[in-house]
Amino acid sequence: MADEPRRIITADASKLGVGQNIGFVEKLIHESAAAKQILKSDNPEARAFQEKAIMHLDEARAAEKQGNAEAVAKALNKAKLAIFMGMRLVGGKVVKDKKQENYNKKRHSLESLLAAHKRIRKENESGQDSRDAEVETHTQKRMQEAQAYYDKGELIKAGDVLNNAYLSLKLSLVKLRDGKTLVRSLHFETREDEYRYELRRNDTHNMLINTVLKKKREDPRLGKLMDIPLKEADKLRTEAEQQAGSENYEAAIKTLEESTKHIIRAIRMAGIFIPG
Amino acid sequence: MNKRQITITSLTLFAVALTALMGVGVVNAAGNPNPFNRLFVPPKERDTALKNDKIHDPSVPGLKLLQQPKEAFAPLPGSIGGNYINWVQALNKGLIKPHFDHLDASKEALSMDLVIVMEVKGSMPNVAFPHKEHTVWLECTNCHDSIFKPLKGANPMSMAEIMLGQKCGVCHGSVAFPVTECRRCHTESKKTAKK
Amino acid sequence: MSSRSPRFGVLHQSNITMFFFSLALSFMLLAGGLFGSEARAEYGDIVLNNYSDKNGIRPVIFPHWFHRMRYACKSCHSDIGFPFKAGGSKVNMLNIISGEYCGACHNGQIAWSVENCDLCHSALPNTPTQVHNSVLRAPK
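Remember, predicted model here, so these are calculated numbers, not experimental data.

Quick notes on the packing of helix α6 (residues 92-123) of chain A against helix α7 (residues 130-152) of chain A
All names here are of chain A. In contact at an axis separation of 11 Å, α6 and α7 are set at 160° when each is read in the N-to-C sense. As summarised for this structure, α6 and α7 are arranged roughly antiparallel, according to the angle between their axes. For the pair α6 and α7, the crossing hand works out as left-handed. Together, Gln100, Tyr103, Asn104, Arg107, Leu110, Glu111, Leu114, His117, Lys118 and Arg121 of α6 and Asp132, Ala133, Val135, Glu136, Thr139, Gln140, Met143, Ala146, Gln147 and Tyr150 of α7 make up the contact between the two elements. Of the residues belonging to the contact of α6 with α7, the class tally is eight nonpolar, six polar and six charged.

Quick look at helix α8 (residues 155-177) of chain A
An ideal rise of 1.5 Å per residue puts 33 Å on 23 residues; α8(A) measures up with 32 Å between its terminal C-alpha atoms. A positive phi of about 80° marks Gly179(A), the residue just after α8(A).

Considerations on the nonpolar core
In terms of nonpolar packing, the biggest core is built from 35 residues, with Ile29(A), Ile83(A), Phe84(A) and Met87(A) touching the most fellow members. Looking at this core, the elements that each hand over two or more residues are α2 (18-30), α3 (33-41), α4 (44-65) and α5 (69-90) of chain A together with β1 (46-48), α3 (73-80) and α4 (93-97) of chain C. Looking at this core, the element that brings in the most residues is α5(A), giving nine residues. If sequence neighbours within four positions are ignored, Ile83(A) has contacts with Leu28(A), Ile29(A), Ile38(A), Gln50(A) and Ala53(A).

Some thoughts on the environment of Lys80(A)
Among the structural elements, Lys80(A) can be located in helix α5. Note on Lys80(A): relative accessible area 3%, which makes it buried. Taking the C-alpha atoms as reference, Lys80(A) lies 8.7 Å from His56(A); in sequence the two are 24 residues apart. Here Glu115(C) takes part through its backbone oxygen, which lies 2.8 Å from a polar atom of the side chain of Lys80(A).

Focus: the environment of Leu114(A)
All names here are of chain A. With respect to the element layout, leucine 114 can be found in helix α6. Owing to a relative accessible area of 6%, leucine 114 belongs among the buried residues under this scheme. Note: C-alpha distance between leucine 114 and leucine 169 (55 residues apart in sequence) is 7.3 Å. Once you skip the residues sitting within four places of it in the chain, leucine 114 turns out to touch Glu136, Thr139, Gln140, Met143 and Leu169.

Definitions and cut-offs
Residues numbered from 1 in each chain as written. Chains lettered and ligands numbered in written order. Predicted model: local features only at pLDDT ≥ 70, side-chain atom pairs only at ≥ 80, totals over all residues. Heavy atoms only, no water. Axes fitted to C-alpha atoms, helices over the stretch in contact; angles between N-to-C directions. Helix = DSSP H or I, 4+ residues; strand = E, 2+ residues; numbered from the N terminus. Parallel < 35°, antiparallel > 145°, perpendicular 65-115°, else oblique. Left-handed = near helix turned anticlockwise from the far one by under 90°. Contact = heavy atoms within 4.5 Å. Nonpolar A, V, L, I, M, F, W, Y, C, P; charged D, E, K, R; others polar. Expected span 1.5 Å × (residues − 1). Core = buried A, V, L, I, M, F, W, Y, C linked by side-chain atoms within 4.5 Å. Buried < 20%, exposed > 50% of the residue type's maximum accessible area, 1.4 Å probe, protein only. Polar contact = N/O pair within 3.5 Å; in protein donor to acceptor, adjacent residues only side chain to side chain.

Below you can see the structure in the form of C-alpha cells.
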C-alpha cells in the first residue's frame, strides 16, 4: 500500500506536465516559506540539502533541453526529495506551534464540557450516581496532569493526556444525555426580548427576498407587484423601530408581526408558499 | 428507520423522481433550439466535469487522475441541494464508510442521541437538532463551545444569521446540506410538537 | 419531556408545502440565481490561494466531497486541526512536509505523497481563496 502512490509519479511522470513542475519545484526550493526558513535557520545540514536540490534541478533542466522526459522526471524527483529532507529539518517550530494551538483549543472546549457535566449531574435528581462525580474529579486531575506536561514542553504527552480526559468525559456525558429530547420553548422573559425575536424573524424574511428571490424581483412585472407589500413592510418596520425607541414594545411587536406578514405575502406572490 | 426517516425518504425519492422526469425533458430536447426549459438545468444534467468547473485549470495534466464527482456520486442516494447527495442516508446505508480516525481505521464514532427541539413562532415547523446525526461525523469539541455553548437555550439564533454562515450556517451552507433544504431542519409540525 | 415522544408522526399540511418550498428554492438557485453560471465547482470545494499566486504557482483545490467519503469531519477539524474557515489555517509547504495539515495524510503512507504537485496545485491562476457554492458566500 505505502509504495502504491509512488507509482503515479514514476509511471505517469510524462503525463504530469513535467515542464510546469520544474517551475513549481524551483519556487519551492528558492522562494517558498520553507526555503526562506532554511536560509534563516543556520542549519548547515538543511542548507546542504537545499544545495543538493538545486543541483538536481539543474540536471532536470539540462535533461529537458535534451528532450529526455524520463531523465527530467528522475532528476526532478531527486530534487523534490532533497528539498523535502531539508524542510523537515527546519519544520520543528511549525510543528510545535500547531501542537500548542490544538492543545489550547481542546482545553478550552473541555472546560465548557466539564461545566456542562457538573450542571447536568446536579440537575439529575432521580438517579444520583457517585461515579458521575468521580468522572469530574478524574477529568480535572487529568487536565492538571496535561498542563504540567504542557508547561514542561512535552506537547505530545500533554495532548494525549488531555485527549484521554476528553474521551472519558464524553463517555459520561453521552451516558447522562443519550435518548433524551429537550425542548427549547419559545418563552420571552421581557417584552423587549420578544421584540428582538420579532426583529430577527423580520430580518430572516427580508433576507429570503434579497437573496433567494432576488432574480424574481428583477422581473419588471412581478417585481412591481411584490414591491407593494414590501414597501408596506418597510414602512411598518420603521414604525416598529420608533415604537421600540420609546419603549413601547407591546405595540412594536404587533407592528413587526404585521410587517413580516407583508413580506410573507410578497414571497407567496413569487409563487412560493411558506408557512407564516 | 423511524417514521420521520420514512417520511423524509419518501419525500426525497419523490424529489429525485421529479428531477429525473425533468431531466428526461432536457435530454429529449437536445438539438432542439426551443427546448421547454432553456436555462433551467436539473441537478442530474448539471455539468460537473472538473475541466469545466471554472476552478480547475483544464491544462493541468494531473487532472485526468482526479475523480469526477459524477462517477463518485452515482451509487449514492440523492438530495435536492448542496452536493445533491443525502449524506445522512449514504452513511446509514453503509454506502460510504468514512474513517473516524485517520491513524486508526478500526476506531468507531461514539454517537449521542440527544435531540434539542427549538420552537419557532407562527406556523413554521419547529427545528429539531439531532446530536446523533452530527456526532457520527463530528467531535463534541467541534461545536462546544466555539460555535454553541453546551446549555439548552444559551445560543439564541435566527435564520438570518444562519444564512450568513453563523451558528448552524457554519456547516450548513458550505459543506453539510445547505439552508435551502428547509424541511430537513424544520421537521416538527406544530400539531405534534406541542406538549 | 425527557423521553422521545412520537414527534414525527402526521404529515402536516405545512410539511408538504415546506417541502415544495425547499424544492422550488433549490431549482431557482440552479436556474441561474445564486449558483449562477460562474460557480460550477462542486459544493464544498475549497480553493486555497494565500500564497500561490504570489509564488507563481497554481492555487490548490481541496475537494470536501472526495474527502468526506473517506473521513469523518472530525479527523481533519479536530485531530488535525483545520479551522472551519477557508484559508484560516494559512497552511504552506513547510507545514505539509513536516506532517501537519494535508501532510498528516499525504505522506506516502496514508495517501499519495507530496511529490505529486499537480494533484493539489490544480486551480486556475487568480482563483481567490474561498469555499465554493456556499449559498450566500458566493463570489462577488
